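Chain by chain, the residues:
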Amino acid sequence: MVETSPIMMDAFELLRYDLYEHLDEAEALALGNNCWSEEQIDSAYELIPHMVAPVRKLVIDHKDDPNGQCVNCGAVWPCSVVRTIHDVVKDPKGEFVKLVSQARAARIY
């Protein structure tokens with residue numbers, strides 16, 4: 001096993017921090033002022049597919065192999081990544097489920 005150097009560990013931590021900060025800013029926008037312009041509302045609609053894409057990529061990357069192991073992390077499938085995504089996306093009290101249920105009822109897609 002190759003040990004990660006302290007320099008790379010620092011770089012990974014900076015990358016993680018940068019991603020957290022970016023997500024925090026986006027979340028603050030959504031939770032803050034409810035006086036969005038039409039342009040911001042249109043942008044939010046455009047954002048949904050862009051937020052779904054990385055989640056979809058993680059699910060694809062963490063599929064099971066014929067032996068029931070995750071092809072990416074080697075854990076028993078469903079691995080923690082798939083379980084976490086499932087918990088968030090399929091939470092019956094969450095916005096994903098509400099949004100998809102409303103779209104299905106209205107036959108939007």
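Our structure is the block above this text.
Residues numbered from 1 in each chain as written. Predicted model: local features only at pLDDT ≥ 70, side-chain atom pairs only at ≥ 80, totals over all residues. Heavy atoms only, no water.

**Student:** Hey, could you go over a negative patch on the surface for me, with residue numbers and the actual values?
**Tutor:** On the surface, Asp18, Glu21, Asp24, Glu25 and Glu27 cluster together into a negatively charged patch. With respect to the helices and strands, the residue Asp18 is situated in helix α1 (residues 6–31). (Patch = residues over 30% accessible without salt bridge, like charges linked within 9 Å, V, L, I, M, F, W, Y side chains within 5 Å. Areas by Shrake-Rupley, 256 points an atom, 1.4 Å probe, with all protein chains shown as cover. Salt bridge = Lys/Arg side-chain N within 4 Å of Asp/Glu carboxyl O. Lys, Arg positive; Asp, Glu negative; His and termini not counted. Charge placed at Lys NZ, Arg CZ, Asp CG, Glu CD. Helix = DSSP H or I, 4+ residues; strand = E, 2+ residues; numbered from the N terminus.)

**Student:** So what's going on with a nonpolar patch on the surface? Which residues, and what values?
**Tutor:** A cluster of nonpolar residues, Ile41, Tyr45, Ile48, Val52, Val88, Phe96 and Leu99, forms a patch on the protein surface that exposes about 610 Å² of accessible area. At the level of elements, α2 (38–61) and α4 (95–106) are the ones that each hand at least two residues to the nonpolar patch. Among the elements that line the nonpolar patch, the one with the most residues is α2, at four residues.

**Student:** Explain the layout of surface pockets to me, using residue names and the numbers behind them.
**Tutor:** In this model, the largest pocket occupies a volume close to 1,200 Å³. Breaking the lining of the largest pocket down by element, the ones donating at least two residues are α1, α2 and α3 (80–89). With 11 residues, the single largest contributor to the lining of the largest pocket is α1. Broken down by class, the residue content of the lining of the largest pocket amounts to 20 nonpolar, four polar and three charged. (1 Å grid on protein atoms, 1.4 Å probe; cavity = no way out; pocket = protein on both sides within 12 Å on 5 of 7 lines; lining within 4 Å. Points joined across faces, edges and corners; volume = space filled by probe spheres on them. Nonpolar A, V, L, I, M, F, W, Y, C, P; charged D, E, K, R; others polar.)

**Student:** So what's going on with the pattern of salt bridges? Residues and values would help.
**Tutor:** Counted according to the given criterion, the structure contains three salt bridges. The salt bridge partner of Glu13 is Arg16, with a shortest N-O separation of 3.2 Å. Taken as a pair, Glu13 and Arg16 lie in helix α1 at a separation of three residues, close to a single helical turn. Note on Glu13: relative accessible area 44%, which makes it partly exposed. Its relative accessible area of 37% is what places Arg16 among the partly exposed residues. Glu95 is the salt-bridge partner of Lys98, the closest N and O atoms lying 3.2 Å from each other. Residue Lys98 and its partner Glu95 are both found in helix α4; the two are separated by three residues, about one turn of the helix. A residue is classified by how much of its surface remains accessible, and Lys98, at 39% relative accessible area, is partly exposed. (Buried < 20%, exposed > 50% of the residue type's maximum accessible area, 1.4 Å probe, protein only.)

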